[in-house]
Amino acid sequence: AGLTARLSLGGSLFISSGSRPTSYYQPYARVSAPLYKNLSWVSEWRYYGFGEAFYGYESFRSHLVTTGLRFTR
């Protein structure tokens, strides 16, 4: 009936050099699956990674997962 799931992949990457070399990495994946005509299940995963070669205590890594239902009219 025209109801198909959708997958999106992407992200960003930043690398710098110099006196404070830094790297930032943020990939993501998103899934949207229709359940009924006006109702979809949506879920997303994001990863945040920030690193500094000389200041390791400022580095962090984190996963974020969100999910829910989307009602449309």
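This text follows the structure it describes.
Residues numbered from 1 in each chain as written. Predicted model: local features only at pLDDT ≥ 70, side-chain atom pairs only at ≥ 80, totals over all residues. Heavy atoms only, no water.

*Asks:* Help me understand the pairing of strand β1 (residues 6-15), please; the structure alone is not making it clear to me.
*Replies:* Every other side chain in a regular strand lies on the same face of the sheet, so the side chains alternate between the two faces. With zero of 10 residues buried, β1 is to be regarded as a mostly surface element. One ladder, built from 10 bridges, connects β1 with strand β2 (residues 22-36); its direction is antiparallel. Note on β2: the bridge partner recorded for G11 is P27. Here β1 folds back onto β2 in antiparallel fashion, the turn holding six residues, of which G18 has a positive phi close to 120 degrees. (Buried < 20%, exposed > 50% of the residue type's maximum accessible area, 1.4 Å probe, protein only. Helix = DSSP H or I, 4+ residues; strand = E, 2+ residues; numbered from the N terminus. Pairing = 2+ DSSP bridges.)

*Asks:* Would you mind showing me how to read the pattern of salt bridges here?
*Replies:* Overall, the coordinates contain four salt bridges when judged by the stated rule. In this structure, the salt-bridge partner of E52 is R20, at a minimum N-O distance of 3.0 Å. Taken as a pair, E52 in strand β3 (residues 39-52) and R20 in the loop between β1 and β2 lie far apart in primary sequence, 32 residues in all. On the basis of relative accessibility, which here comes to 11%, the residue E52 falls in the buried class. Between R20 and E58 there is a salt bridge, with its nearest N and O atoms 2.6 Å apart. Of this pair, R20 sits in the loop between β1 and β2 while E58 sits in the loop between β3 and β4 (60-71), and the two are 38 residues apart along the sequence. Relative accessible area serves as the criterion here: at 33%, E58 is assigned to the partly exposed category. One network of salt bridges, in which partners are shared, links R20, E52 and E58. (Salt bridge = Lys/Arg side-chain N within 4 Å of Asp/Glu carboxyl O.)

*Asks:* It is not clear to me how the side chain of R46 should be interpreted in this structure. Could you clarify?
*Replies:* By the secondary structure assignment, R46 is in strand β3. What makes R46 buried here is its relative accessible area of 19%. Of note is the side chain of R46, whose polar atom sits 2.8 Å from the side chain of E44. (Polar contact = N/O pair within 3.5 Å; in protein donor to acceptor, adjacent residues only side chain to side chain.)

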